[in-house]
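Chain by chain, the residues:
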Amino acid sequence: MTIARTCDVAIAGGGIVGAACALACAQRGLRVTLVERDTWGSGATAAGMGHIVVMDDSEAQFALTRYSQQLWHRLAPTLSVTAEYEQRGTLWIAADSEEMAEAERKFAWLSARSVPCQILSARELYAAEPNLAPGLAGGLLVPEDGVVYPPTVALELSRRAKQLGAELILGSGVRALGEGSLHLEDGSEIRAEWVVNALGAESARVTPNLPVRKRKGHLVITDRYPGYVNHQLVELGYLKSAHSSTADSVAFNVQPRRTGQLLIGSSRQFDAEHSGVDRAILSAMLARAALYMPGIYELSAIRVWTGFRAATPDKLPLIGPDSGDPSRLLATGHEGLGITTSLATAELIAAHITNQRSPIAKEPYLPTRYAPAGHALAHDSTHSI
Ligand SMILES: Cc1cc2nc3c(=O)[nH]c(=O)nc-3n(C[C@H](O)[C@H](O)[C@H](O)COP(=O)(O)OP(=O)(O)OC[C@H]3O[C@@H](n4cnc5c(N)ncnc54)[C@H](O)[C@@H]3O)c2cc1C
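Predicted model only: the values in this text are computed from it and were never measured.

A. Molecular detail of the overall build of the chain. In terms of regular secondary structure, the chain is built from 10 helices and 18 strands. Computed over the C-alpha atoms, the radius of gyration of the chain is 20 Å, within 12% of the 21 Å expected from 2.2 N^0.38 for a compact globule of 385 residues. The C-alpha extent of the chain, read off along each of the three principal axes, is 65 × 40 × 40 Å. Here the chain holds 385 residues, and 60% of them are scored as buried. Considering only contacts within the chain whose residues lie at least 6 apart along the sequence, 75% involve residues at least 24 apart. About 14900 Å² of surface is accessible on the chain, with carbon and sulfur atoms providing 52% of the total. Between the centroid of the 35 positive side chains of the chain and the centroid of its 39 negative side chains there is a distance of 3 Å.

Spelled out as structure tokens, the structure:
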């Protein structure tokens, strides 16, 4: 075996999380090496919707998503136009009075935490989104949420890290990682004071016994229909329809892109390892979308794809030192919120490495909340997009 390089921080995985970690560490003057097997942002980062969203299912999920959203607000003006960042706002749609009560609850919860938001009556809902199906009750508008094209951002963040001296290695698979080393598939080794597993849905392949499972999702992108949808639209029934932790599920979730295209989601499946399109779940997803937006069947779809989220039992990511090997840091398990929470994750990782004060409480995300090995994947009740 040859020792090819040494550095302070060696990061496995050039998705949005690994790229953000590389930049945050390089900005603190650390010598960073970032290793990606395929291309920058080619995993879940390329498959994701790019909805930057504040979530309220738990205080921990809120803290991470809100802090990260604020980091996105700072980053956005510096991104190139191809990153397609737009502050579209999320419109949570209430189908009936029960969901309207949920909109009110969400409004009170977010308002108490200083997140701007606004209840919309049915009339206001249709004024905002005329292509919605008739008969809906209203909604909740959260205007500071945004939309971005994640693979471009991953590329930009990794390039910025390189400008600050980071070494970027493309086309090398990481075979093993720990005890101050990244072992690459070509037999070389990178020695570092800290090694970071940012391999997303593949993270458990390289660090065995991680409580991370693949959760497959489908998305459809349409031709260009500028103005057809104005906000990121998500059904409030999402929490009922899309988040059964065991069964396959679909929910209405539509995003307007700067190009005028619409991204239509979403689906969730455990134990679906094959990346091919599942026609049954795709049909169910589109039928759900048509329930909220009947005209959707008239639009031309130009591509369908799938991707894998990295799901943890409590739907919070694993950020920080691994039990059993304190030099090995985990930055994985972001499920359906990893675009949103990538920037906050990077700040937590960089703060840990440089022994700085954590920008938000780090405890809820520490991997040590799980037993070091052999834990079963339990299910719980918190949610993510
Ligand atoms: C359908 C879908 C919709 C989503 N929508 C949203 C959304 O709207 N908002 C949101 O916030 N999040 C969303 N997500 C989640 C988000 O995409 C992910 O949480 C995020 O991309 C995770 O980034 P990552 O860098 O951890 O993982 P990845 O992007 O998967 O990056 C891991 C990288 O590691 C590389 N790799 C793998 N194995 C190796 C190896 N052995 N050696 C070297 N490199 C390796 C891969 O090629 C990949 O580039 C969605 C996900 C899906 C699937």
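B. Summary view of helix α3 (residues 59-75). Taking 1.5 Å per residue, 17 residues should reach 24 Å; α3 reaches 24 Å between its end C-alpha atoms and fits that length. With 12 of 17 residues buried, α3 lies mostly within the body of the structure. The complete set of buried residues in α3 reads Ala60, Gln61, Phe62, Leu64, Thr65, Arg66, Tyr67, Ser68, Gln69, Leu71, Trp72 and Leu75. Residues of α3 that are buried make contact with α1 (16-27), β3 (51-52), α4 (97-112), α6 (150-163), β17 (318-322) and α10 (338-353).

C. Representation of the side chain of Asp145 within the structure. Of note, Asp145 is situated in the loop between β6 (138-142) and β7 (146-147). In this structure Asp145 is buried but unpaired, with Arg66 as the nearest side chain of opposite charge at 6.4 Å. At 2.7 Å, the side chain of Asp145 and the side chain of Gln69 are in polar contact. In contact with Asp145, not counting residues within four places along its chain, are His51, Ile52, Val53, Val54, Gln69, Gln87, Arg88, Gly89 and Thr90.

D. Local environment of unusual backbone geometry. A cis amide bond links Gly265 to the next residue, Ser266, at an omega of -5°. Summarising the element assignment, Ser266 is placed in strand β15 (residues 261-270). Positive phi is not limited to glycine here, since Glu179 has a value of about 45°. Locating Glu179 in the fold gives a position in the loop between β9 (174-178) and β10 (181-184). On the accessibility criterion, Glu179 (67% relative accessible area) is exposed. Of note in the backbone geometry, Asn355 takes a positive phi value of approximately 60° without being a glycine.

E. Looking closely at the site of the ligand. Inspection of the region around the ligand gives 36 residues, with Glu36, Thr45, His51, Val174 and Thr340 positioned closest. Here a nitrogen atom of the ligand sits 2.7 Å away from a polar atom, N or O, in the main chain of Val174. At 3.0 Å, a backbone N or O of Ile339 approaches an oxygen atom of the ligand. For the ligand, the accessible surface in isolation is 1000 Å², of which the surrounding protein chains cover 96%. Among the secondary structure elements, those contributing two or more residues to the shell around the ligand are α1, α2 (44-47), β12 (213-224), β16 (301-311) and α10. Taken together, the residues of the shell around the ligand break down into 12 nonpolar, 18 polar and six charged.

F. Representation of the nonpolar core within the structure. Val9, Ile11, Val32, Trp72, Val153 and Leu157 are the most contacted members of the largest nonpolar core, which has 50 residues in total. Elements supplying a minimum of two residues to this core: β1 (2-12), α1, β2 (32-36), α3, α6, β11 (188-197), β18 (325-332) and α10. For this core, the element with the highest residue contribution is α1, accounting for 10 residues. Not counting the four nearest positions on each side in its chain, Trp72 is found in contact with Ile16, Ile52, Leu79, Tyr85, Val148, Val153, Ile339, Thr340, Ser342 and Leu343. Core analysis: the next-biggest nonpolar cluster, separate from the first, contains 26 residues, Leu120, Leu233, Leu282 and Ala290 among them.

The rules we used
- Residue numbers run consecutively from 1 along every chain, following the written order of its sequence.
- The model is predicted, so local features are restricted to residues of pLDDT at least 70 and side-chain atom pairs to those at 80 or more, both for listing and for counting; the totals for chains, interfaces and linings are taken over all residues.
- In computing side-chain values, all of the structure's heavy atoms are included and hydrogens and water are not.
- Working definition: helices are DSSP H or I runs of at least four residues, strands are E runs of at least two. Numbering for both runs from the N terminus.
- Values of the radius of gyration come from C-alpha atoms, whereas the globule rule sets the reference at 2.2 Å times the count of residues to the power 0.38.
- For every residue, the accessible area obtained with a 1.4 Å probe (protein chains only) is divided by the maximum for its type, and the residue is called buried under 20%, exposed over 50%, and partly exposed between those limits.
- A contact between two residues is defined here by any heavy atoms of the two lying within 4.5 Å.
- All accessible-area figures derive from a Shrake-Rupley calculation using a 1.4 Å probe, and residue coverage is judged against the displayed protein chains alone.
- Only four residue types enter the tally: Lys and Arg on the positive side, Asp and Glu on the negative side; His and the chain ends are excluded.
- The atoms used to mark charge sites are NZ of Lys, CZ of Arg, CG of Asp and CD of Glu.
- Helix span, expected: 1.5 Å multiplied by one less than the number of residues in the helix.
- We define a salt bridge as a side-chain nitrogen of Lys or Arg found within 4 Å of a carboxyl oxygen belonging to Asp or Glu.
- Polar contacts, as counted here, are pairs of nitrogen or oxygen atoms within 3.5 Å of one another; within protein the pair requires one atom able to donate a hydrogen and one able to accept it, and residues that are adjacent in sequence qualify only if both atoms are side-chain atoms.
- Residues are classed as near a molecule or strand on a simple rule: at least one heavy atom within 4 Å of it.
- Residue polarity follows a fixed list, in which Ala, Val, Leu, Ile, Met, Phe, Trp, Tyr, Cys and Pro are nonpolar, Asp, Glu, Lys and Arg are charged, and the others, Gly among them, are polar.
- Residues belong to one nonpolar core when they are buried, are Ala, Val, Leu, Ile, Met, Phe, Trp, Tyr or Cys, and are joined through side-chain atoms within 4.5 Å.

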